[in-house]
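A look at the structure
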Amino acid sequence: MKIYERFSDAEMKRLGLTGNMPKHVGIIMDGNGRWAKSRMLPRSLGHRAGMDALQEIVRVSKSIGIEALTVYAFSTENWLRPEQEVNALFSLLVEYFYKEIDELDANNVRVHILGSLERFSPKLRELMENARERTEKNTGLHFAIALNYGSRDEITRAVRSIVSEGIPESEITEETISSHLYTRCLPHPDPDVIIRTAGEQRLSNFLLWQAAYSEFVFTDTTFPDFTPEVYFECIKQYMHRTRRFGKVLEV
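Heads up: these notes are all about the structure in this document.

Analysis parameters
- Residues numbered from 1 in each chain as written.
- Predicted model: local features only at pLDDT ≥ 70, side-chain atom pairs only at ≥ 80, totals over all residues.
- Heavy atoms only, no water.
- Salt bridge = Lys/Arg side-chain N within 4 Å of Asp/Glu carboxyl O.
- Helix = DSSP H or I, 4+ residues; strand = E, 2+ residues; numbered from the N terminus.
- Buried < 20%, exposed > 50% of the residue type's maximum accessible area, 1.4 Å probe, protein only.
- Pairing = 2+ DSSP bridges.
- Axes fitted to C-alpha atoms, helices over the stretch in contact; angles between N-to-C directions.
- Parallel < 35°, antiparallel > 145°, perpendicular 65-115°, else oblique.
- Left-handed = near helix turned anticlockwise from the far one by under 90°.
- Contact = heavy atoms within 4.5 Å.
- Nonpolar A, V, L, I, M, F, W, Y, C, P; charged D, E, K, R; others polar.
- Expected span 1.5 Å × (residues − 1).
- Arc of directions from axis to C-beta.

1. Brief notes about the pattern of salt bridges
Scanning all chains against the criterion turns up 19 salt bridges. Here K99 and E95 are joined by a salt bridge, their closest N and O atoms 3.6 Å apart. Here the residue K99 and the residue E95 both occupy positions in helix 4 (residues 83–106), the gap between them amounting to 4 residues, near one helical turn. Classification of E95 by relative accessible area gives partly exposed; the value is 21%. K236 is the partner of E233 in a salt bridge, and the nearest nitrogen-oxygen pair spans 2.8 Å. Note that E233 and K236 are positioned in helix 8 (residues 228–239) at a spacing of 3 residues, about one turn of the helix. When its relative accessible area of 43% is taken as the criterion, E233 is described as partly exposed. The exposure class of K236 is buried, given its relative accessible area of 18%. When salt bridges that share partners are traced, they join D30, R34, R196, E200 and R202 into one network.

Encoded structure:
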């Protein structure tokens, strides 16, 4: 079982990862199908290669001191994909939760599931709930997996919840809405940086509310080829930017 050791100051300096590290990183994992097609392989093998890449990204996220990592694994729109591909994705998810939970728990990683789980099979729901409950007291990296997630659906559900709780209109603030979103479970609900792989430059209904002041980094690398080295380069792009949050910085 691999131990996610924190990199030393010397190693962080060698990698160029000293300074303004993001606390929360969001990743839109894109390009599994294109990776497979370019190699004349079934799309399912692209998703498997993407799962292998994800394992390494989780490990090194903890090693470099990221506090929260949110990955977009399956959107509310992905149900429109061919049934065979959707079923293959779900089989991989079952396998992932079976194989990885011991390692995640042993390394103090806390697992969160963001999204509506009603449409998943009882077996997959049970595995996800087990992962969440088993790791809920862990205090290391917060690892959030967005499954059957869509930001518009998330915001709609938050509004319904606020209405059902009878919160007066005059008391509804941005904090009220944020506290009813799936990401309320994270120590830093809003991602500092969102990375999208495979060359696309859009959010695709991912963390729309939370991304109001996020930085964006786009890479042409497909997710199966998204190595720790490519990840570190994306992090460094973020580190070299100045965030103003609408303000003018004094000269």
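Additional details are given in the paragraphs that follow.
2. Looking at the pairing of strand 1 (residues 24–28)
Of all 5 residues that make up strand 1, 5 are buried, and the element is covered over most of its length. Along strand 1, one buried face is formed by H24, G26 and I28 and the opposite face, lined by V25 and I27, is buried too. Pairing geometry for strand 1 and strand 2 (residues 68–75), over 5 bridges, is parallel. In the sheet register, H24 faces strand 2, and the bridge partner there is A68. Across 4 bridges, strand 1 lies against strand 5 (residues 193–196) in parallel orientation. Paired with I27 across the bridge in strand 5 is I195.

3. Quick look at the packing of helix 3 (residues 43–63) against helix 8
It is the contact of helix 3 with helix 8, at a shortest axis distance of 10 Å, that shows an interaxial angle of 50°. As judged from the angle between their axes, helix 3 and helix 8 are oblique. Pair helix 3 / helix 8 crosses with right-handed handedness. Where helix 3 abuts helix 8, its residues E56, I57, V60 and S61 lie against P228, Y231 and F232. Classifying every residue of the contact of helix 3 with helix 8 by side-chain character gives 5 nonpolar, 1 polar and 1 charged.

4. Thoughts on helix 6 (residues 151–164)
Relative to the 20 Å expected for 14 residues at 1.5 Å per residue, helix 6 spans 20 Å between its end C-alpha atoms, a close match to the ideal helical length. For helix 6, every residue scored as buried is listed here: S151, E154, A158 and I162. For helix 6, the angular spread of buried residues about the axis comes to 70°, placing them on one side. Of the residues in helix 6, the exposed ones pointing more than 90 degrees away from the buried face are R152, R160, V163 and S164. At its buried positions, helix 6 is contacted by strand 4 (142–149) and helix 7 (174–178). Backbone geometry just after helix 6 places G166 at a positive phi near 70°.

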